[in-house]
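# A structural walkthrough
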Amino acid sequence: MENSCSSHSRTVEITVLSAEDLRVDGRSVKKKAFAVVKLDPFNNRVTKVDAIGGSYPAWDEKLVMKLPMHVTFITLEVQCRTCSGSGDRLVGRATLLVSDFIGGYVPENHLNFLSYLLRDARGIRSGILNVSVRVKEGSGLGLLKSRYEYCSSSPSAQQKPVIGADAKKFNGLVAEIPVWNPYPV
């Protein structure tokens, strides 16, 4: 059995692009906003402070992190420096579900652009955060790679899946196609 960190984690690139309409207590943020990406209380990354963007800061900053396999969500926060120097103030927080960028039919190394509604500590809307997320190719996806191996958008697809066919006839290879029923059962 392989005993490396890569078999228990994946490398994820989160690019914090920008935020829109940032507000604290109903007032527009004037300046000094920054973003924090948290996997847990001990594992986080921070962008540089945008000193001039006000309520519409732009960071375009790539944060590379090791994402353990057990993590199901990432916390995104926007904070701002206070004028009094008493510390940093939370503007808003959002939860980025790992299933938003890993799973389903998303091939590895796919760049996802996502926008999240920020809410303050009281649950009031305080802006929008725009990010892009990419799971780095060959970053310990091991088990996940087998799910995407035959994806039609995968460059390494060597064998085409057969839809609605006898699995024995085609060496057990059958495509899964999710079908949602719009009517309650």
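All values derive from a computational prediction rather than experimental measurement.

Parameters and conventions
- Residues numbered from 1 in each chain as written.
- Predicted model: local features only at pLDDT ≥ 70, side-chain atom pairs only at ≥ 80, totals over all residues.
- Heavy atoms only, no water.
- Helix = DSSP H or I, 4+ residues; strand = E, 2+ residues; numbered from the N terminus.
- Buried < 20%, exposed > 50% of the residue type's maximum accessible area, 1.4 Å probe, protein only.
- Contact = heavy atoms within 4.5 Å.
- Areas by Shrake-Rupley, 256 points an atom, 1.4 Å probe, with all protein chains shown as cover.
- Phe/Tyr/Trp six-rings, centres within 6.5 Å; stacked < 30°, edge-to-face > 60°.
- Lys NZ or Arg CZ within 6 Å of the ring centre and 35° of its normal.
- 1 Å grid on protein atoms, 1.4 Å probe; cavity = no way out; pocket = protein on both sides within 12 Å on 5 of 7 lines; lining within 4 Å.
- Points joined across faces, edges and corners; volume = space filled by probe spheres on them.
- Nonpolar A, V, L, I, M, F, W, Y, C, P; charged D, E, K, R; others polar.
- Core = buried A, V, L, I, M, F, W, Y, C linked by side-chain atoms within 4.5 Å.
- Pairing = 2+ DSSP bridges.
- Salt bridge = Lys/Arg side-chain N within 4 Å of Asp/Glu carboxyl O.
- pLDDT = per-residue confidence, 0-100.
- Polar contact = N/O pair within 3.5 Å; in protein donor to acceptor, adjacent residues only side chain to side chain.

This paragraph deals with the overall build of the protein. When its secondary structure is counted, the protein shows one helix and 10 strands. Secondary structure elements of the protein, listed N to C terminal, follow the sequence β-β-β-β-β-β-β-β-β-β-α. The buried share of the protein, reckoned over its 185 residues, is 37%. In the protein, of all internal contacts separated by at least 6 residues, the share reaching a separation of at least 24 is 60%. Total accessible area computed for the protein in this model is approximately 11,500 Å², and 55% of it derives from carbon and sulfur atoms.

A few words on the packing of aromatic side chains. What describes a pair of aromatic rings is the distance from one ring centre to the other and the angle between the planes of the rings. Tallied over the full model, the rule gives zero aromatic pairs. Positioned above the aromatic ring of Phe34, the side-chain terminus of Arg81 is 4.8 Å from the ring centre.

So, on to the layout of surface pockets. The calculated volume of the second largest pocket comes to roughly 320 Å³. The wall of the second largest pocket is formed by 13 residues, among which Ser28, Val29, Lys30, Cys80 and Arg81 lie closest to the centre. At the level of secondary structure, the elements contributing two or more residues to the lining of the second largest pocket comprise strand 3 (27–28) and strand 7 (73–81). A per-class count over the lining of the second largest pocket returns four nonpolar, two polar and seven charged.

Once that is clear, we can look at unusual backbone geometry. Backbone geometry at Asp21 places phi at a positive 50°, although glycine is not the residue there. Turning to its location among the elements, Asp21 is positioned in the loop between strand 1 (9–20) and strand 2 (23–24).

Another aspect to go through is the nonpolar core. Leu67, Ile74, Phe101, Leu129 and Val131 are the most contacted members of the largest nonpolar core, which totals 33 residues. Listing elements by their share of this core, those giving two or more residues are strand 1, strand 4 (33–40), strand 6 (58–68), strand 7, strand 8 (88–97), strand 9 (112–119) and strand 10 (125–135). Apart from residues lying up to four places away in sequence, Leu129 is in contact with Val16, Ser18, Ala19, Trp59, Leu76, Val78, Leu114, Ser115, Tyr116 and Leu118.

What follows is about the environment of Thr75. Along the chain, Thr75 falls in strand 7. When the C-alpha positions of Thr75 and Asp40 are compared, they lie 8.1 Å apart, and in sequence the two are 35 residues distant. Ignoring sequence-local partners within four residues, the contact set of Thr75 consists of Val36, Val37, Lys38, Arg93 and Ala94.

So, about the environment of Pro68. Examined against the element boundaries, Pro68 turns out to sit in strand 6. Note: C-alpha distance between Pro68 and Arg10 (58 residues apart in sequence) is 6.3 Å. In contact with Pro68, other than residues within four places in its own chain, are His8, Ser9, Arg10 and Leu39.

Another aspect to go through is the pairing of strand 1. Most of strand 1 sits inside the fold, with 10 of its 12 residues counted as buried. Across eight bridges, strand 1 lies against strand 10 in antiparallel orientation. Within strand 10, the position partnered with Glu13 by the bridge is Arg134.

Using the criterion set out here, one finds 12 salt bridges in the structure. Note that Glu61 is salt-bridged to Lys48, the shortest N-O span being 3.7 Å. With a gap of 13 residues between them, Glu61 in strand 6 and Lys48 in the loop between strand 5 (43–46) and strand 6 connect regions that are remote in the sequence. Among the charged side chains, a salt-bridge network with shared partners connects Glu13, Lys62, Arg134 and Lys136.

With 68% of its residues at a pLDDT of at least 70, the protein reaches an overall mean of 77. Counting contacts from residues 140–168, a segment whose pLDDT is below 50, to residues more than four positions away or on other chains yields 46 contacts. Within the model, the stretch residues 170–175 combines pLDDT values under 50 with 15 contacts to residues more than four positions away or in other chains.

Within the element layout of this structure, Asn130 appears in strand 10. For Asn130, a relative accessible area of 12% gives the class buried. A distance of 2.9 Å separates polar atoms of two side chains, one belonging to Asn130 and the other to Glu20. Polar side-chain contacts of Asn130 include one of 2.6 Å to the side chain of Ser115. Asn130 has contacts with Thr15, Val16, Leu17, Ser18, Glu20, Leu114 and Ser115, leaving out every residue within four places of it along the chain.

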